[in-house]
Amino acid sequence: MYALGVGASMKLPKDLKFLYEGSSDFSCLPTFGVIIAQKSMTGGGLAEIPGLPINFAKVLHGEQYLQIYKPFPRAGKLKCEAVIADILDKGSGLVIVLDG
């Protein structure tokens, strides 16, 4: 579903490996790695910082960066951690910079 949502097409043979789990070359898109980082913001992370009430309905996601050093394995466990690198006061809101 993710692959279809970001533009993979069932009409393009080269995209089959991202869409069909039975493909001998089944792979996730490299951008799929950024989805994992969302856990550090919503599932505990930012949502549980004392004195920093965040309404996620009003959050604007500015940018995200992912550097891949080697292909993701097809199975295994993953741990996602992030730290607040900076908080910038923008007057009408704030910018929270996370390093993960």
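These remarks concern the structure in this document. Just so it is clear, the model here is predicted, and its values are computed rather than measured.

Glancing now at the layout of surface pockets. Size it by volume and the second largest pocket reaches roughly 190 Å³. As for the second largest pocket, its lining consists of eleven residues, of which Met1, Tyr2, Ala3, Phe18 and Phe26 are closest to the centre. Looking at the lining of the second largest pocket, the elements with two or more residues in it are α1 (2–5) and α2 (16–19). Classifying every residue of the lining of the second largest pocket by side-chain character gives nine nonpolar, one polar and one charged.

Moving on: the pattern of salt bridges. When their charged atoms lie close together, side chains carrying opposite charge are able to pair. Counted by the stated rule, this structure contains two salt bridges. The partner of aspartate 15 in a salt bridge is lysine 14, with the nearest N and O atoms 3.3 Å apart. A salt bridge links aspartate 25 to lysine 17, with the nearest nitrogen and oxygen atoms 3.9 Å apart.

Turning next to a nonpolar patch on the surface. A contiguous nonpolar patch, built from Met1, Leu4 and Met10 and spanning about 430 Å² of accessible area, is present on the exposed surface. With respect to the element layout, methionine 10 can be found in the loop between α1 and α2. According to the relative accessible area criterion, methionine 10 is exposed, its value standing at 72%.

What follows covers the pairing of strand β2 (residues 94–99). Two strands pair when backbone bridges link them, and strand β1 (residues 83–89) and β2 are joined in this way by six bridges, in the antiparallel orientation. By the bridge assignment for β2, isoleucine 84 is matched with leucine 98. Hairpin connection of β1 to β2: four residues between the antiparallel strands, including glycine 91 at a positive phi of 80°.

Below, the discussion takes up the side chain of aspartate 15. With respect to the helices and strands, the residue aspartate 15 is situated in the loop between α1 and α2. With residues near it in sequence (within four places) discarded, aspartate 15 still touches Gly7, Ala8 and Ser9.

Our next topic: the side chain of serine 23. Tracing the chain through its elements places serine 23 in the loop between α2 and α3 (33–42). Residue class for serine 23 comes out buried when judged on its relative accessible area of 15%. Aside from chain neighbours lying at most four places away, what touches serine 23 is Leu16 and Lys17.

Calculation notes
Residues numbered from 1 in each chain as written. Predicted model: local features only at pLDDT ≥ 70, side-chain atom pairs only at ≥ 80, totals over all residues. Heavy atoms only, no water. 1 Å grid on protein atoms, 1.4 Å probe; cavity = no way out; pocket = protein on both sides within 12 Å on 5 of 7 lines; lining within 4 Å. Points joined across faces, edges and corners; volume = space filled by probe spheres on them. Helix = DSSP H or I, 4+ residues; strand = E, 2+ residues; numbered from the N terminus. Nonpolar A, V, L, I, M, F, W, Y, C, P; charged D, E, K, R; others polar. Salt bridge = Lys/Arg side-chain N within 4 Å of Asp/Glu carboxyl O. Patch = residues over 30% accessible without salt bridge, like charges linked within 9 Å, V, L, I, M, F, W, Y side chains within 5 Å. Areas by Shrake-Rupley, 256 points an atom, 1.4 Å probe, with all protein chains shown as cover. Buried < 20%, exposed > 50% of the residue type's maximum accessible area, 1.4 Å probe, protein only. Pairing = 2+ DSSP bridges. Contact = heavy atoms within 4.5 Å.

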